[in-house]
Each structure stands twice: as C-alpha cells, then as structure tokens.
Amino acid sequence: MYQHNGEEIFVIDAHVHLWDATEENIQHDGGEEFIRCFYDYHTTFTPEERQWGMDEYRYYGPDRMLEDMFGNAAVDMGIFQPTYLSDFYEEGFNTTEQNAELATEYPERFVLNGSFDPRDADPGIEYLEELHEKYDIPGVKLYTAEWRGDSKGWRLDDEEAFRFLERCEELGIENIHTHKGPTIRPLNRDAFDVKDVDDAASSFSGLNFIVEHVGLPRLDDFCWIAGQEPNVYGGLAVAAPFAQNRPGKFSEIMSELLWWLGEDRVLFGSDYALWNPDWLVEEVMEAELTEEHRTEYGVEWDLETKRKVMGENAAKLYDIDIEAKRRQFQEDEISQRFGLEDHYAGGEPAAADD
Amino acid sequence: MGRTEADADGPEPTRAAVRDRLDRVTDPELDRSIVELEYVDGIEIDGRRVEVEITLPTAWCSPAFAWMMTVDARDEVATLAAVEVVRITLREHMHEAEINRGVNERRSFAEAFPDADGDVEAVRAELDEKARVARQYDATEALLEAGLDGEAITGLRLADLEPLEADGTPDDGEATGSFAVYVADRSFVVRVPRAPIERYLEKARETDLVSEADDVLFRTPEGEPIDPNSFDLVHRRGRLATVNMSSQGGICDGLREAREKRLEESADD
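How each quantity is defined
- Residues numbered from 1 in each chain as written.
- Chains lettered and ligands numbered in written order.
- Predicted model: local features only at pLDDT ≥ 70, side-chain atom pairs only at ≥ 80, totals over all residues.
- Heavy atoms only, no water.
- Patch = residues over 30% accessible without salt bridge, like charges linked within 9 Å, V, L, I, M, F, W, Y side chains within 5 Å.
- Areas by Shrake-Rupley, 256 points an atom, 1.4 Å probe, with all protein chains shown as cover.
- Salt bridge = Lys/Arg side-chain N within 4 Å of Asp/Glu carboxyl O.
- Lys, Arg positive; Asp, Glu negative; His and termini not counted.
- Charge placed at Lys NZ, Arg CZ, Asp CG, Glu CD.
- Helix = DSSP H or I, 4+ residues; strand = E, 2+ residues; numbered from the N terminus.
- 1 Å grid on protein atoms, 1.4 Å probe; cavity = no way out; pocket = protein on both sides within 12 Å on 5 of 7 lines; lining within 4 Å.
- Points joined across faces, edges and corners; volume = space filled by probe spheres on them.
- Nonpolar A, V, L, I, M, F, W, Y, C, P; charged D, E, K, R; others polar.
- Domains from an automatic or database assignment.
- Contact = heavy atoms within 4.5 Å.
- Buried area = accessible area lost by both parts, 1.4 Å probe.
- Polar contact = N/O pair within 3.5 Å; in protein donor to acceptor, adjacent residues only side chain to side chain.

(A) Quick look at a negative patch on the surface. Residues and elements named next belong to chain A. A grouping of E97, E126, E130 and E133 is seen on the molecular surface, where their side chains present a negatively charged patch. Looking at the negative patch, the element that brings in the most residues is helix α5 (residues 121-135), giving three residues. Assignment of secondary structure puts E126 in helix α5.

The following block contains the structure:
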C-alpha cells in the first residue's frame, strides 16, 4: 500500500499487460511499428533514469513484472487488459492466455480480463464463452482499431458488437474496457473515435464502460458523453504520466475529469509496461492541482479522492474487498517473496516498512 | 547572398513572405501554427521555385493530419504571386512516399491512399468545429472580462461588433486595436481586445456558422444558438475543448522532444 502522509492507500493498477513483442513473435510490419510506437510513448513520459532498453521492452517476462508491480508495494493488485493484435503477432501481443500465466498463479493479486472481436462472429461468441468458463472473466478489454484482414477496425455500436455485449450481460461480464487513445493508424479511419461508446452505454445500462486513456485526444468528446452516461468511467492510462513531466497539464486534465465525471468514476492505470507503477504511482499520488485549477473547477485531489481513484473505484467495479485483501496479503506468496508481511499487518506504523 | 525584405517587390518570393504564408497553416488537431510548432525544417527558394521541408512530431502521426498540413502548406505558398512552383517534402513519416507524391502531383487523399475509406474532409470538418469551440471559449472569456454576462453574450450578433483603431476610431483593416461590442439593443457598448474575437470569427466563418450581419455570434458545439440558461455549460465545454487540444499538444511536444534526443544521441555515436 502506498504510504501518503502517514495514511495507507490501497492501489489497484487497473491497466496492466504481459506482452510479447519479440522479433520471433512478429509476423507483420504492423507488429514492429506498434511496439516502436509504444516505446516512443514510454521514453516520452518516463524519467530518463527509469527508461528501459528496446530489448527488455519487447519482452520483460512474468518475474520482472511481479518485481515492478509489487516489489516496493507501490501496487497491491493489478487488472490485466488483453490486446490481441493477432494479425501482427504470431501468438498475439498480449492475450488473455498470455496474461493467465501470472493471473492463475497469483489469483489473489490479479484480475484477468478477456476480450472479444465482433468480426469473429459466431466463433467469437464461442471464444467469449470459453474465456468465461475457463477463467470466469469479469470484464473485457476491446481494441476497436485492431486490423483484421481487410478491415481496419470496428465500432462499439455496430449491430454485431451489440450481440457480443448482450452475451457479456448474460454471462455477467460487466466491465467493458475500450481503448480510446491516439490515432496511430490506420490512415484516416477514426477507429478510436469515442462516440460509439455513447450508444452502447445507454443501450446496456447494466454494463460499465471504462474508456481507457480518457479518450485522449478526444477528452472533450469523452467527458461530454461520460457527463450524460452514469455507467461510463475514465481510465487514466496515458494521462497519469503527465504528472511526471507535464504537471500543469496533469492538473488541468484531472480537474476536467473530476468536474465532468466526479471522483467515483476515474480509475488509475499505469498501462504497464508502457509506464512502470514503481515510479508512476508516487508521481500521481504526490501530484497537486494548481491553485488556479482548484479555484476554477472547485475540485480537489485530496486523500479521499486519491483513495477512490487509486483503488476503491476499481474495487467497486470488480467486487474487491480491500480490507479482506489487506488481511490476505499479510501472508500471501507475493508478500513472502518481497518481504511485505509487516507492510500489510494492520495497525503497524508506516515507519515499520521500507 | 541572403534574401531580405528588399526582395519583396522583386521577381522572387522572400523567405519572410513564404514563412508568413506557412504561419497560416495549423496543425488541425492542436489549432496552432505549424511554424510556431516548429514543424517547418527548411525553406529553399530558387528563383520562383519554393521547396518546404516538414517534419511532424512522430513518424506515425495520423496520415490524414499529415495530409491536411502538407496540402495546406502547398496551397498557402502557392498564393504568393511570385511563386511558380511549390514542392513540399514531408520527412521521417511512415507514409511520406504516398503523401509527398500525392501532394506534389495534386492528387486527392483517396487517390494517394486507396486503402483509406473516403476523403479527409469529414475529419477536417470535425477538427475545424473543435477549433471553433475552443476559440469561442477564448473570445467569450474576453467578453466576460469586459463585463458582459452570459445573457448578453448569447444574444450577440455579428452586427454588434465594430472593429476600432487603437485610438478608438472605426476601422476595417487589420489593426491591432479592439472591438466595440454593442449590447442590449445597442443601449451600451464595451471594448474588448481584438485578437481573440478575430481568431474566433475566422473559424466561425470557415465553419459557415457566422457570415451575415444578423447571424448569432456564438453557438453550442453542435452549432445551435445558445440558450442563456445553458451558457455556463457551453462555456465549460469550450474550456474542455481548449484542454483537450493543449493536452494533445503536450503529447506531441513530448514525442518530438524524445525523437530529437534520439537523433542527437545517434549523431554522437
């Protein structure tokens, strides 16, 4: 748990990956371009001394991931968000199955989400059912700009997508994470346009729609939709690392989010390994809203808000009992491995841990 | 010999004149000049032939945006009477070959990118609309500062604006003075700085929202007249549009800095 001015904050990183972009796994130029583009984002928003080399960035493996996330207890739990990109990577880039390697070994520490692609039609529905049966996935991560054959993407409000969302509702897969981030490719098709979330969210009021990257560069469209749809949430991946080298912008974006969505509908996510929670959590926790923004928007980035954004909001969506987790982590395998037993022992003064 | 302003009336275009035209080209997503954003790497002038080199913050900047900027750069420079041939070279972009060929051979986006569906005009229109909303925020802020309230602002029409010289006399040219704004059936008048209003009017005209004297000056993001009761919310949405643009600007800036650093490092090796 993060120690903040003597208070403990339980942190759920709501957006993590275990990916494989090794050259052997790449089967299309798009795969190489994709990881290079990720790497540009990594170096742009990572302090120089914390930047990785390209090789370790392509593949870091489960051990490194555990160390980065839990080694210094910056994060208490992580939520896997798969990104298939099956046309680009032979075995996929970051599939449910790849993520399951860690998630099934440490189920107390990880939430494992699945994915679907409506262009897969009936076999896609069957695959979704299979993920439900095998892993009991509580959510899906969707990548509407993914290439598939001649198709350069799909929309959440397509008829076929609605069929998949209906099936999610029936199976109790309630958390629908959609990547809505910068346009990289493909050409002029605006496949990360956020507007398709509007119709989907109002048609499926029993599902939660978490818009990853808060729609950037369509923060305006996103906030306007989220302001009207109570089941739309914002994931902070990409916006969070602004805290590190663009603190004024971070303050402004966070103020907008808190004004339009309120403190109950914003979720922290590092996007690991795009950025590493072992430094990012601290940057976000210690960030401050400028006096000017606090006055203009009338919002606060205070302890209560941080508790919600950094953990409690995700806990609510994923039925995680934070107190029970805290007790469990006094003796789970991860705590033993990293010597965190005392850290999770209730009532211990913060000074007792590292 | 370097080219100077003295050439302005001569047969060859000046660097300053070319730069001035390029300064009117904006990054459509950020609504800022490509000169100010330092995307223009080089201007070569050889007689009446002008070559412009452009580099964007990343190699994978949206090809549609790259297309708009290079086409606009070409067309702006071509408006100079002294220019006979314009050649645009986009560098370090994953689609530079298609874009350079398309722009210089005056093909359409659809011809240059047969894989893409449709043309860039819809994307351009949407970004223009966002730029209009953001500029409206700045113009409205200036009016609020001058003492007008939401009700007065939402009631303004184009005819209520009158450009003034710095000394307060009426003017129709490109002065740096102010605007007189007539309020409440012209019962009183306030003066506001010229730049934010002018910038807004430019986009409002481009998006066909304001052209006639009788047209309502400000609109919702959807293009409707603003109900005075919703003024605060519409103003918030304008603020949000400015935050969105400057946030994306922060990402682009960061990517450009990271790329420049990489280039410097590889040059040091």
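Read on for the rest.
(B) Representation of the layout of surface pockets in the model. Residue and element names in this part refer to chain B. Of the volumes computed, that of the largest pocket is approximately 1,000 Å³. Lining the largest pocket we find 34 residues, and of these T26, D31, R135, R199 and E202 sit closest to its centre. Sort the elements by how many residues they give to the lining of the largest pocket and helix α5 (residues 121-145) lands first, with seven residues. Its residues assigned to classes, the lining of the largest pocket comprises seven nonpolar, six polar and 21 charged. If you count residues domain by domain, the lining of the largest pocket takes at least three from each of domain 1 (5-119) and domain 2 (122-221).

(C) Geometry of the domain arrangement of chain B. Residues and elements named next belong to chain B. Annotation of chain B at the domain level lists domain 1 (5-119) and domain 2 (122-221). When each unit is reduced to the centre of its C-alpha atoms, the spacing between domain 1 and domain 2 is 30 Å. Facing seven residues of domain 1, the contacting portion of domain 2 comprises eight residues. Between domain 1 and domain 2 the total buried area reaches about 630 Å² when both faces are included, carbon and sulfur atoms providing 52% of it. On the domain 1 side of the contact with domain 2, P28, D31 and M68 bury the most area, a combined 62% of that side's loss. Between the two partners, domain 1 and domain 2, sit three salt bridges. The shortest N-O distance in the salt bridge between D72 and R124 comes to 3.0 Å. For the pair domain 1 and domain 2, the number of links is three residue pairs in polar contact (both at pLDDT 80 or more). A per-class count over the side of domain 1 that touches domain 2 returns three nonpolar, no polar and four charged.

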